[in-house]
Amino acid sequence: MDAIPHLPVLLEETISRLLTNPDGIYLDGTVGFGGHAEALIKKLSKHGQLIGIDLDPYALEYTKKRLSKHQRFYSLHNGNYREYPLLLQSLDVAKLTGIIFDLGSSSSQLNTGHRGFSFQADAPLDMRFNPGSGMTASEFLQSAGKEEISKVIEVYGEERYHRKIAGRIAQAAEGGNMNTTFDLKLAVSKCVHPRFLTKSLARVFQAIRIKINDELESLKEALANSIEYLQVGGRIAVIS
Ligand SMILES: C[S@@+](CC[C@H](N)C(=O)[O-])C[C@H]1O[C@@H](n2cnc3c(N)ncnc32)[C@H](O)[C@@H]1O
């Protein structure tokens, strides 16, 4: 197997608190490259079960191989964790012992230039966790108005120059020049002092990624459902 593409954060802290019963059923809603999932599965008994979900089909491909060496009961599903109640119904699972959501993007998504998440590599401006569905970042920036772009950068990125940057982005989009990560980088670099550019780029790219993947709405919906699906004494871990 290739080198592990993502090192899980807060691994021991999370798993030691999440696992209350080795015979339980656990949901990893952002299974990614399986770092948390593998640590959890190693501690399950042969009666325990892990259900893993991720939007990213590439990550699931890797995790399928990674978990296959463990003789434990698990299943992996390509989809949005906000829809996990439907998945549980189809698996005939009524209650969960534990749930984990490890938010954001994985290092692999960031480092794989062609996914369009990173301002370090020139690539099509995509940013979808699932490249097979939904609007790309480029399509969004070409169809949204200056006001909407500004709001996204302000709310999801907390970038103080959101208005100026949104104006530049809208102008470039109107001219047909908002197709790549470097088009977006250029628009931001025209509005921010070079000393602050890296931080502003990180904030703007993060904001647009959150918008494209509707990340906060997914989390709100999933957390609201967790009250119903978590068994008494069960635990939920959210890493942000
Ligand atoms: C920080 S990574 C998780 C890493 C994982 N814990 C590991 O150890 O490899 C976040 C993952 O969440 C996925 N993701 C983000 N939003 C999602 C959603 N709404 N539904 C399912 N997966 C999502 C991303 O594709 C990414 O693989």
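The rules we used
Residues numbered from 1 in each chain as written. Predicted model: local features only at pLDDT ≥ 70, side-chain atom pairs only at ≥ 80, totals over all residues. Heavy atoms only, no water. Helix = DSSP H or I, 4+ residues; strand = E, 2+ residues; numbered from the N terminus. Rg over C-alpha atoms; globule rule 2.2 N^0.38 Å. Buried < 20%, exposed > 50% of the residue type's maximum accessible area, 1.4 Å probe, protein only. Areas by Shrake-Rupley, 256 points an atom, 1.4 Å probe, with all protein chains shown as cover. Pairing = 2+ DSSP bridges. Axes fitted to C-alpha atoms, helices over the stretch in contact; angles between N-to-C directions. Near = heavy atom within 4 Å. Polar contact = N/O pair within 3.5 Å; in protein donor to acceptor, adjacent residues only side chain to side chain. Nonpolar A, V, L, I, M, F, W, Y, C, P; charged D, E, K, R; others polar. Arc of directions from axis to C-beta. Contact = heavy atoms within 4.5 Å. Right-handed = clockwise from strand over helix to strand, strands pointing away.

As named in an unreviewed UniProt entry, the protein chain is 16S rRNA (Cytosine(1402)-N(4))-methyltransferase, taken from marine metagenome.

Draft legend 1. Structural detail: the overall build of the protein chain. If you tally the helices and strands in the protein chain, you get eleven helices and five strands. Over its C-alpha trace the protein chain gives a radius of gyration of 19 Å, about what one expects of a compact globule, namely 18 Å for 240 residues. Seen through its C-alpha atoms, the protein chain measures out along the principal axes to roughly 60 × 40 × 30 Å. The buried share among the 240 residues of the protein chain stands at 50%. For the protein chain, the accessible area works out to roughly 12200 Å², and carbon and sulfur atoms hold 52% of it.

Draft legend 2. Fine view of the sheet that holds strand S5 (residues 230–239). The strand order S3-S2-S1-S4-S5 describes an open sheet built from five strands, whose pairing is parallel. The sheet is open, and its two edges are formed by strand S3 (73–78) and S5, each paired on a single side. With strand direction ignored, the average angle separating the axes of adjacent strands in the sheet is 15°. Strand direction decides the pairing type here: strand S1 (residues 25–28) and strand S4 (residues 96–102), joined by three bridges, are parallel.

Draft legend 3. Inspection of the site of the ligand at higher detail. If you check the shell around the ligand, you find 24 residues, and the closest are His36, Asp54, Asn80, Asp102 and Gln109. Between a nitrogen atom of the ligand and a side-chain N or O atom of His36, the distance comes to 2.9 Å. One of the backbone nitrogen or oxygen atoms of Tyr81 is found 2.9 Å away from a nitrogen atom of the ligand. Its free accessible area being 610 Å², the ligand has 98% of it covered by the protein chains. Taken together, the residues of the shell around the ligand sort by class into seven nonpolar, 14 polar and three charged.

Draft legend 4. Fine view of helix H1 (residues 11–18). Listing the buried residues of H1 in full gives Thr14, Ile15 and Leu18. Viewed along the axis of H1, the buried residues span an arc of 90°, placing them on a single side of the element. Packing partners of the buried residues in H1 comprise S1, helix H2 (35–43), S4 and S5.

Draft legend 5. Representation of the pairing of S3 in the model. One ladder, built from six bridges, connects strand S2 (residues 49–54) with S3; its direction is parallel. Paired with Ile51 across the strands is Ser75, a residue of S3. Read from S2 through helix H3 (residues 57–68) to S3, the crossover connection turns out right-handed.

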